[in-house]
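What follows is the residue order along each chain.
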Number of protein chains: 2
Amino acid sequence: MVQEEIRRRNLGALLRHVHLDGSLSRAALAERMGLNRSTIMALTAELTAAGSVREEVPTDTGRAGRPSLVVRPESTRVYVLAFDVAVDWLVAARVGLGGVVLDRRWAARPRAGADLDRVVEVLAGFGRQLHDAAPPGSVCAGVGASYCGMIRPGDGMVRFGPDMGWVDQAFGAELGHRLGLGLPVPVGNEAHLGAVAEHQRGAGVGFQNLIYLHGDVGVGGGIIVGGKLLDGEGGYGCELGHMVVNPYAGRPCGCGSHGCLEAEVGERALLDAAGRPADLIGRDALRAVVGDADRGDVSAQDALHRIGDWLGIGVANLINLFNPGVVIFGGMLRDVYPGAAEPVRARIARHVLPVAKERVRLRTSALGDDATLVGAAELGFSRLLADPLGVLAGAETRDGRRRRAGGRRVTRPVAGRPGPPA
Amino acid sequence: MVQEEIRRRNLGALLRHVHLDGSLSRAALAERMGLNRSTIMALTAELTAAGSVREEVPTDTGRAGRPSLVVRPESTRVYVLAFDVAVDWLVAARVGLGGVVLDRRWAARPRAGADLDRVVEVLAGFGRQLHDAAPPGSVCAGVGASYCGMIRPGDGMVRFGPDMGWVDQAFGAELGHRLGLGLPVPVGNEAHLGAVAEHQRGAGVGFQNLIYLHGDVGVGGGIIVGGKLLDGEGGYGCELGHMVVNPYAGRPCGCGSHGCLEAEVGERALLDAAGRPADLIGRDALRAVVGDADRGDVSAQDALHRIGDWLGIGVANLINLFNPGVVIFGGMLRDVYPGAAEPVRARIARHVLPVAKERVRLRTSALGDDATLVGAAELGFSRLLADPLGVLAGAETRDGRRRRAGGRRVTRPVAGRPGPPA
């Protein structure tokens, strides 16, 4: 029993290393996991038989002599479905083991009035299309979703989705039901998932303490403390966008308060600062300001500086609180940050205590608009990485068969599911 | 080897439970540690033989029948020396296993100009007195110190001690050297240690996510995230006192900036708000304002409200960021908070997002001015709790003998150490 548990953990840990690194030699795996090479060989053999990894000669080692084999994830064979409900779009993707986006569907989303039913209908439709388009023999190992609001951990309930007016909507359960794959749909806040994705695969690799600021209409946050996402008592931490930075002359915020960081640096604040008309919204409008600033338009540059000054106060506060190794600007802040970096740095120089300033780096998101989607995929992979053989044995292949650990397949018709295409 | 490591961990874990709870039955220990009762019995026997715990009949069980034995820490026999360098005082104490303050020495400290040499001289003198006054046969198992500044983890180096003007002073090493006990002196920031103490033994017991605000001249912070102190990349996190809350009309702060939380709610801010003369400083002056407010003095009440309003902005920001179970007001904020609670609550109601507000509690420190000292003692106990028998076997008893695990003593004169009193 204990032996079985250790084996399961080791299989999960090995698969996680391969999933995150893309390609590792047995020797590297042995070193990272603190296990001997014969154990690594046995674990790799089991994962290979289950169809989740393969061993192959590396393409170019740059060294003479017989190269040692590397273990790679079976990215096109084992995948998850990942969903992203952002302020301006809905995305669904098939993401392969190793974090590779294999296929995607996209739709623009109107900013207000989308009810749960409509959003889930679009996403479930995309999900079925992606599933049906997967190659025969491939396996859907999980599902994960990102949502631009506050999510109750555990059951994918949207507690508060300000821009759609959602309160206590069972998004994860409903999407799982409509997908009909018999898989749970864990849901995470978009900025939390973006932080996890940047930490694992983006601008935050190698840092145990990082702050990710995700701009869309407002500003969300994901904060990694000691290698783990800060969730707090109920999973509702990281709300850095509602840090009050301008208490007495602050702009009104969507949350009902005034002077929140997102009210001072969000999309509307920037467009107003740049003198754009009040009915102009969206990412393109924002990129136009950034483009104008790049071309030397002084009023656009001033607008970015004004935003940067408030952003800098918020970031300085966060550095004093978290002493992070890196601060990452994602979402629309990825576009805004380069033109706002000067006042941000000035505020850090002015407000951050000397020793906390020593090592912090400021970076833009490496994954861009895919950060939240990739983070959602990680949610979907978490079951697989906890118990690779168990999940693969229970998973349905694209052609309606069930795999069994060990690679043998048994044909077992699944009642009530759409059959394989002719 | 592995077996030995497991035994050491189990001994440490059992001793930690007894240390934190004060008294636990074998049955309770078995349940908490997930071990069977015969293993608990064997571990308890080893710790008893080493002189760190004893088993006894509970004083009053309130139940009929033969009561089961409880395991208690040998608080008067096994102790640490704990030191606290606060803004207004120096304290040293002998703190027994279980967190009991057995004996203490205290000195007022002038606010400025104290150099390392003078501070260490006073503390080391106190330490020797406390050590000499300990009963024969008792064992000093460690040393720990609290300091009102930024500390480099690992070596007790004060990186930045603003009120004394210390920069890169080797406080821990120097104190260890002067004590001459052959023991390392780990040092922690006062608010970090206060947070740990309140989490383990005070107003934060049972919460995995808490914020501790420690007021003295300024405001320090200790933040527990997922049961662990937030330290960040270099150990310099939690600096909530330098969160900018009033960026454009803020009071000057000791850090060189303006509008920091501690500039708006610290001692000087309160005394100024209450119209006290500029040369009046210290805890007594502050308590006089609180006392006046209690007696109905409207200007003192207004001063507390004004401070409370800024404090509330800071606390609201922290709740949005950390989603804590409890916020604890310690140090001078323990005195200030009751008269400032109303505006603090109003700011929370106004700025904190609905779901994060649901469960948070606001409390004053349960340990009061001892919080930092008790936290320093925990630093001192950490070696013992990592390897109880190893540390006790190596420790010198009060009468200059060395203990050996198993309770037998061998007389072994220790060169270069002061001998036992006649």
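These figures come from a predicted structure and were not determined experimentally.

Helices and strands together make up the secondary structure of chain A, namely 14 helices and 18 strands. Its C-alpha atoms give chain A a radius of gyration of 23 Å, within 12% of the compact-globule value 22 Å for 422 residues. Once the C-alpha set of chain A is aligned to its principal axes, its extents read approximately 65 × 50 × 40 Å. Taking all 422 residues of chain A together, the buried fraction comes to 57%. Partitioning the intrachain contacts of chain A with sequence separation of at least 6 by distance along the chain shows that 61% fall at a separation of at least 24. Surface summary for chain A: the accessible area is close to 16,700 Å², and the carbon and sulfur share equals 51%.

Residues and elements named next belong to chain B. With 13 residues, helix α3 (residues 37-49) should reach 18 Å at 1.5 Å per residue; the first-to-last C-alpha distance of 18 Å fits that figure. Every buried residue of α3 is listed here: I40, L43, T44 and L47. Along the axis of α3, the buried residues cluster in a sector spanning 100°; they form a single face. The elements touched by buried residues of α3 are α1 (2-21), α2 (26-33), β2 (53-56), β3 (70-73) and α14 (388-394). Positioned one or two residues after α3, G51 has a phi angle of 85°, which is positive.

As a further point, take the interface of chain A and chain B. The partner chain B presents 48 residues to the 48 residues of chain A that form the contact. Counting the surface lost from both chain A and chain B, the interface buries some 4,000 Å², and carbon and sulfur atoms represent 59% of this. On inspection of chain A and its partner chain B, the count reaches zero salt bridges. Put simply, chain A and chain B have 26 residue pairs in polar contact (both at pLDDT 80 or more) between them. For the side of chain A that touches chain B, the secondary-structure elements that each account for two or more residues are β9 (157-161), β13 (219-225), α10 (298-322), α11 (333-351) and α12 (354-357) of chain A. When its residues are assigned to classes, the side of chain A that touches chain B shows 25 nonpolar, 14 polar and nine charged.

Another aspect to go through is the relation of the copies chain A and chain B. With an RMSD of 0.0 Å, the operation that places chain A on chain B is a rotation of 180° combined with a shift of 0.0 Å along the axis. In short, the pair behaves as if placed about a two-fold rotation axis. Ranked by how close their C-alpha atoms come to the rotation axis, the residues of chain A are headed by V245(A), at 2.9 Å.

One frequent convention defines the size of an interface as the accessible area lost when the parts assemble. All names here are of chain A. Each assigned domain of chain A is listed with its residue range as follows: domain 1 (2-73), domain 2 (78-192 + 371-386) and domain 3 (206-366). The centre of domain 1, based on its C-alpha atoms, is set 30 Å off from the matching centre of domain 2. Across the contact, eight residues belong to domain 1 and nine residues belong to domain 2. Note on domain 1 versus domain 2: buried area summed over both sides is about 750 Å², and carbon and sulfur give 65% of it. Broken down residue by residue, the surface that domain 1 buries against domain 2 is led by L15, R16 and H19, which jointly contribute 61%. Here domain 1 and domain 2 share zero salt bridges between them. In terms of residue count, the dominant contributor to the side of domain 1 that touches domain 2 is helix α1 (residues 2-21) (five residues).

Residues and elements named next belong to chain A. In spatial order, the strands read β1-β3-β2; together these three strands make up an open sheet with antiparallel pairing. Of all the strands in the sheet, the pair left with one neighbour each is β1 (24-25) and β2 (53-56). Where β2 lies against strand β3 (residues 70-73), four bridges are found, and the strand directions are antiparallel. Among the inter-strand pairings, R54 is bridged to a residue of β3, identified as R72.

Our focus in this paragraph is the packing of aromatic side chains. Summed over all chains, the structure comprises 11 aromatic pairs over all chains. An angle of 55° between the planes, with centres 6.1 Å apart, marks the rings of W166(A) and F171(A) as tilted. Comparing W166(A) with F171(A), the two get one shared label, buried. Relative to Y337(B), the ring of F329(B) has its centre 4.1 Å away and its plane inclined at 10°; by these criteria the two rings are stacked. Y337(B) shares its class with F329(B); the two are buried. Pairwise contacts between aromatic rings join Y147(A), W166(A) and F171(A) into one cluster. The ring centre of Y79(A) lies 5.1 Å from the NZ or CZ of R94(A), which sits over that ring.

This part is about the environment of L280(A). All names here are of chain A. With respect to the secondary-structure elements, L280 resides in the loop between α8 (267-273) and α9 (283-294). Among the residues examined, L280 registers a relative accessible area of 33% and is labelled partly exposed. In contact with L280, other than residues within four places in its own chain, are R268, L271 and A285.

What follows is about the environment of R111(B). Looking at the element boundaries, R111(B) is found in the loop between β6 (100-108) and α4 (116-133). In sequence terms R111(B) and L367(B) are 256 residues apart; their C-alpha atoms lie 24 Å from each other.

Our focus in this paragraph is the side chain of R94(A). Residues and elements named next belong to chain A. Within the secondary structure, R94 is located in strand β5 (residues 89-96). The side chain of R94 sits in the buried core without any salt bridge; D103 is the nearest counter-charge, 4.5 Å away. Excluding anything up to four places from it in sequence, R94 contacts T76, Y79, V80, L81, V100, V101, L102, D103, L130, A133, A134 and P135.

Conventions adopted
- Residues numbered from 1 in each chain as written.
- Chains lettered and ligands numbered in written order.
- Predicted model: local features only at pLDDT ≥ 70, side-chain atom pairs only at ≥ 80, totals over all residues.
- Heavy atoms only, no water.
- Helix = DSSP H or I, 4+ residues; strand = E, 2+ residues; numbered from the N terminus.
- Rg over C-alpha atoms; globule rule 2.2 N^0.38 Å.
- Buried < 20%, exposed > 50% of the residue type's maximum accessible area, 1.4 Å probe, protein only.
- Contact = heavy atoms within 4.5 Å.
- Areas by Shrake-Rupley, 256 points an atom, 1.4 Å probe, with all protein chains shown as cover.
- Expected span 1.5 Å × (residues − 1).
- Arc of directions from axis to C-beta.
- Buried area = accessible area lost by both parts, 1.4 Å probe.
- Salt bridge = Lys/Arg side-chain N within 4 Å of Asp/Glu carboxyl O.
- Polar contact = N/O pair within 3.5 Å; in protein donor to acceptor, adjacent residues only side chain to side chain.
- Nonpolar A, V, L, I, M, F, W, Y, C, P; charged D, E, K, R; others polar.
- Least-squares fit on C-alpha atoms with pLDDT ≥ 70 in both.
- Domains from an automatic or database assignment.
- Pairing = 2+ DSSP bridges.
- Phe/Tyr/Trp six-rings, centres within 6.5 Å; stacked < 30°, edge-to-face > 60°.
- Lys NZ or Arg CZ within 6 Å of the ring centre and 35° of its normal.
- Lys, Arg positive; Asp, Glu negative; His and termini not counted.

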